[in-house]
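Coordinate analysis (summary)
In case you want the letters, here they are:
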Amino acid sequence: MTEKAWDGRFAEKTDQTVEAFTSSIAIDRRLYRHDIDGSIAHCGMLARTGIISEQDAVLLSKGLEQIRDEIADGLFVFDDRLEDIHMHVESRLFDIVGNVARKLHTARSRNDQVALDARLYLREETRRIIRQLHALRNGFVEAARVNISIIMPGYTHMQRAQPVLLSHHLLAYYEMFTRDAERFRDALTRIDVMPLGCAALAGTTYPIDRDDTARQLKFGDVSANSIDAVADRDFMLEFLSAASICMVHFSRLSEELVLWASTEFGFIELPDAFSTGSSIMPQKKNPDVPELIRGKTGRVFGDLMALLTTMKALPMAYNRDLQEDKSTLFSSVDTLQACIDVMSKMLPRIMFKKDAMRQATTKGFLNATDMADYLVGKGIPFREAHAVVGRAVAYALDHGKELEQLSLEEMRTFSKEIDAALFDALTVEQVVNRRTSKGGTATENVKAAANLAAERLAAETLP
Ligand code: ARG
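As the structure is a computational prediction, the values presented were derived from the model and not from experiment.

Focus: the side chain of Thr 297
Structurally, Thr 297 can be placed in helix H11 (residues 288–311). Residue Thr 297 is classed as buried on the basis of its relative accessible area, which comes to 4%. A polar atom in the side chain of Thr 297 sits 3.2 Å from the backbone oxygen of Arg 294. Those residues in contact with Thr 297 that lie beyond four places of it in its chain are Met 247, Val 248 and Ser 251.

Overview of helix H3 (residues 32–48)
The end-to-end C-alpha separation of H3 is 24 Å, in line with the 24 Å expected for 17 residues at 1.5 Å each. Judged by how many residues are buried, H3 sits mostly within the fold: 14 of 17 residues are covered. With its phi angle positive at about 75°, Gly 50 sits one or two positions after the end of H3.

Some remarks on the environment of Asp 234
In this structure, Asp 234 sits in helix H10 (residues 234–261). Separated by 43 residues in the primary sequence, Asp 234 and Ile 191 have C-alpha atoms spaced 8.7 Å apart.

Thoughts on the state of the cysteines
Applying the stated rule across the entire model yields zero disulfides. With no disulfide of its own, Cys 43 has Cys 198 as its nearest cysteine by sulfur position, at a separation of 19 Å.

Details of the site of the ligand
Residues in close proximity to the ligand include Ser 24, Asp 28, Asp 84, His 86, Arg 110, Asn 111, Val 114, Tyr 318, Arg 320, Gln 323 and Lys 326, which together make up its full environment. In the model, a nitrogen atom of the ligand is placed 3.0 Å from a nitrogen or oxygen of the Asn 111 side chain. Measuring from an oxygen atom of the ligand, one finds a side-chain N or O atom of Tyr 318 at 2.4 Å. Counting residues per element, the shell around the ligand draws most heavily on helix H6 (residues 110–146), at three residues. Classifying every residue of the shell around the ligand by side-chain character gives two nonpolar, four polar and five charged.

Let's talk about the pattern of salt bridges
A side chain of one charge can pair with a side chain of the opposite charge if their charged atoms are brought near each other. This structure, assessed with the given rule, holds 33 salt bridges. Asp 79 serves as the salt-bridge partner of Arg 81, at 2.8 Å between the closest nitrogen and oxygen. For Asp 79, a relative accessible area of 24% gives the class partly exposed. The residue Glu 83 makes a salt bridge to Arg 320 at a minimum N-O spacing of 3.4 Å. Here Arg 320 lies in the loop between H11 and helix H12 (325–346) and Glu 83 lies in the loop between helix H4 (54–72) and helix H5 (85–97), a separation of 237 residues in the sequence. It is possible to trace a salt-bridge network through shared partners that takes in Arg 137, Glu 182, Arg 185, Arg 456 and Glu 460.

A closer look at the environment of Asp 79
Mapped onto the elements, Asp 79 comes out in the loop between H4 and H5. Each C-alpha atom of the pair Asp 79 and Ser 23 lies 9.1 Å from the other, and the pair is 56 residues apart in sequence. Sequence-distant contacts of Asp 79, that is, excluding residues within four places in its chain, are made with Ile 25 and His 88.

Remarks on H5
Spanning 13 residues, H5 covers 18 Å between terminal C-alpha atoms, matching the ideal 18 Å at 1.5 Å per step. At its buried positions, H5 is contacted by helix H2 (25–28), H3, H4 and H6. The first or second residue beyond H5 is Gly 98, which carries a positive phi of 80°.

The rules we used
- Throughout this description, residue numbers start from 1 for each chain and increase along the sequence as written.
- Thresholds applied to this predicted model are a pLDDT of at least 70 for local features of residues and 80 or more for the giving and counting of side-chain atom pairs; totals over whole chains, interfaces and linings are not thresholded and use all residues.
- Heavy atoms throughout the structure, all of them, feed into the side-chain values; hydrogens and water do not.
- Under the DSSP-based scheme used, a helix requires at least four consecutive residues in state H or I and a strand at least two consecutive residues in state E, with every element numbered from the N terminus.
- The rule is simple: take the accessible area with a 1.4 Å probe, protein chains only, and divide by the maximum for that residue type; under 20% is buried, over 50% is exposed, in between is partly exposed.
- N or O atoms within 3.5 Å of each other form a polar contact, as long as, within protein, one can give a hydrogen and the other can take it, and as long as residues adjacent in sequence are counted only when both atoms are side-chain atoms.
- Between two residues, a contact is recorded if the distance between any of their heavy atoms is within 4.5 Å.
- Between the first and last residue of a helix there are one fewer steps than residues, each counted as 1.5 Å, and that sum is the expected span.
- We call a pair of cysteine sulfur atoms a disulfide when they lie within 2.5 Å.
- We call a residue near a molecule or strand when any one of its heavy atoms sits within 4 Å of it.
- Classification convention: Asp, Glu, Lys, Arg as charged; Ala, Val, Leu, Ile, Met, Phe, Trp, Tyr, Cys, Pro as nonpolar; all other residues, Gly among them, as polar.
- Salt bridge, as applied in this entry: a Lys or Arg side-chain nitrogen positioned within 4 Å of an Asp or Glu carboxyl oxygen.

Here it is as C-alpha cells:
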C-alpha cells in the first residue's frame, strides 16, 4: 500500500518538496513501539465490542507484532512519502495481512493516535527519569554521609559568609532534585490519560469502549473531552517545565563544580575519567562534563519556549503545527536523561579536598555573626552587637588579622562584656555546630537530615 491514505479527493500528486517538508518520519519513528502497542490495544477493543471480528483482530495483532520486530531489528524501510510512523505501520501491515489492514483505522484518527503515542512514550520516559533521579538523590545522600564532617565556607553574593558543612551543601542538592522528582510524579498523573477514541476531534459513531483500551494500556484515566484530547499538549509543557527547572539545578551544581575545580578554589578534584585535556596545553585538565551540562541547559529551556510558542493562540482542535511538538520533547528527554546519568556516575568519584575547604573558612570573618550572637547572650540588643562587631572587623582588617587573632584586651576595647569565653564561640566547629535550628548546618542536624533522606529514598516506590 504505497498510495496515500487520504488522496481520494486529490487530482494532483503531492509535490516532492511538500512531501519532504511535511514528513515527520525521521523524528516520530522513535514512537514505533508505542504506536504498535496502541494499535494492538485498539484492535483488541474493536473485537471485544464486535466492531471487527475476532479473526481479523488476531491477524492484525500478529501483523503488528511482526512489524515491531522488523523495526527493532533494523529491517524496516522508511520512506518520506509515507509521512509519519502511523502511515508506515499501516502501510506495512497491508503488505503483510492484506486488505484486513484497512480495518485497523476504524473509529480512530491520526489525531488521537499521535496523542496516544506521545503519552505512552512520555509516561515511560518520565518514569525512567524518576528512577534516575532516585539514584542521583541517593548519590547526594551517600556523598553527604561519606564527607559528613568536612567544613567549608558558605557563600552569599559569592563572598564568604558563614562556615557550613559540605554535607549540608550537598543535601541542598538532594532537596532540589527531590522536588524535581515530585514535579515529574505530579506531571505523570496528567500524562497518564488515554486519548484514543476521540478520533479526529468529535468522537466516533462506533460503539467503542475507551475504558477497555485504557485498561489494556494501563492508563490511570481516560480523557473527558474529545476536542481537548486531540488539541492538548499541556502534558508535554508540564514535562518540559519540570525538565527546565531540573536543568536549573543541574546548571547551578555544574557551575559550582567548575568553580570548585579551579586552582582559585581548589575545593575538589574531578575524576580523570570524567575530565578532558587540551590539545595544545599539556597541563590542562578541564571540567567538560559540568560545563556541557551547564551548556545543555539552554537547549532544554529552548525546547520549552519552542513548544509554548507553538501552542500559543493555536485554535481548536488538531492543527499540523502540533507535529512540531515531538522534536522538542525528544531533545529534552534525551538531554535530561544524559545529564542525570553522567552526573550520577561522576558524583561518587569527586574528591572533596577537606583541608583546602577548611582553610578557606579561616579567612574572611566567617565567625563575625557568632561574635554578635555572643554579645546578644550578654544582653546586648542584636543591632547594637552588630555595630560592635563591625568595628572589631574594621580594626582587625586594619591590623591584618582575623577576629580570633585579636587579644582579649583588644576585644574588650569594643565591649566590656567580652571575656575569654568569646574565643570558644569563634572556633569554626562551634560556629557550625551551634546552628541547631531546624534545617541548620550543625553536624547533628545534618546527620539526622541524611538519615531521614536515606529512609525516605528506601521507602519510595518507584514507577
Ligand atoms: N504526524 C502527525 C503529527 O505528528 C500525525 C497526525 C497527523 N494528523 C493530520 N491530521 N495530518 O502530528
